[in-house]
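Residue strings, one per chain:
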Amino acid sequence: MKALDEHESKVAEHQENIANIKQHATDLQTFLSLKQLEGDVDENCQFIDSLSESNVLNRVEIKFNINTSLTDMANSVLEFGKVFIDISNSSVNIVKKKQQQAQLIVPKVSSIVPIENIQVKLEQTINTESSNVSGCCILPDSRFVFAYPN
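Residues numbered from 1 in each chain as written. Predicted model: local features only at pLDDT ≥ 70, side-chain atom pairs only at ≥ 80, totals over all residues. Heavy atoms only, no water.

1. Some points on the environment of Ser-130
Then comes step 1: One can find Ser-130 in the loop between helix 4 (97-100) and strand 1 (135-138).
Then comes step 2: Distance in space between the C-alpha atoms of Ser-130 and Phe-146 is 9.9 Å, their sequence separation being 16 residues. (Helix = DSSP H or I, 4+ residues; strand = E, 2+ residues; numbered from the N terminus.)

2. Structural notes on the pairing of strand 2 (residues 144-147)
Then comes step 1: In this structure, strand 1 lies alongside strand 2, joined through 4 bridges in antiparallel fashion. Residue pairing across strands places Cys-136 opposite Phe-146, the latter belonging to strand 2.
Then comes step 2: Adjacent in sequence and paired antiparallel, strand 1 and strand 2 are bridged by 5 residues, among which Ser-142 carries a positive phi angle near 75°. (Pairing = 2+ DSSP bridges.)

3. Here we look at helix 1 (residues 2-24)
Then comes step 1: Given a rise of 1.5 Å per residue, 23 residues ought to cover 33 Å, and the 33 Å separating the end C-alpha atoms of helix 1 matches this to within 8%.
Then comes step 2: His-7, His-14 and Ile-21 are the residues of helix 1 that are buried.
Then comes step 3: Residues of helix 1 that are buried make contact with helix 2 (27-53). (Expected span 1.5 Å × (residues − 1). Buried < 20%, exposed > 50% of the residue type's maximum accessible area, 1.4 Å probe, protein only. Contact = heavy atoms within 4.5 Å.)

4. Considerations on the environment of Leu-4
Then comes step 1: Note on placement: Leu-4 falls in helix 1.
Then comes step 2: Between the C-alpha atom of Leu-4 and that of Leu-51, which follows or precedes it by 47 residues, the distance is 9.0 Å.

5. Focus: the side chain of Asn-44
Then comes step 1: Inspection of the secondary structure assignment puts Asn-44 in helix 2.
Then comes step 2: We classify Asn-44 as buried; its relative accessible area is 11%.
Then comes step 3: Polar contacts involving the side chain of Asn-44 include one to the side chain of His-7, which spans 2.9 Å.
Then comes step 4: The residues touching Asn-44, leaving out its near neighbours within four places in the chain, are His-7, Val-11 and His-14. (Polar contact = N/O pair within 3.5 Å; in protein donor to acceptor, adjacent residues only side chain to side chain.)

Okay, structure coming up:
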């Protein structure tokens with residue numbers, strides 16, 4: 001159909017050109033212009049012939065016959081069913097790994113103190129039976145765990 005519309009606009013343009021030629025052109029200009037238009041008209045005729053031969057312009061009619069038993073059923077049934085929306089909580093638990101990680105909260109330091117200026121103060125001394133402690137850990141219940149090499 002798009003191609004048909006394009007050719008229709010070309011034909012309308014040619015008709016307008018012919019009217020302008022008749023009104024304003026000399027006999028020689030009219031003759032030369034009509035010879036050029038003759039070639040364009042032949043192309044359009046070939047295009048129209050190809051459309052009629054390819055059955056593109058055939059009229060297509062779609063018909064529908066409804067089965068009478070369906071209309072009887074539709075008249076006798078008031079409703080085919082009801083639609084209900086049931087909303088329930090999801091059974092899927094989404095656990096974000098980031099929430100499981102230990103969060104280290106570092107106090108914001110207003111100024112950076114050089115390590116040479118840090119003062120160390122002994123708060124508590126723990127006496128052990130071994131003098132060879134290689135590691136230490138404080139448990140959540142405030143108990144200490146010490147690691148000794150063999």
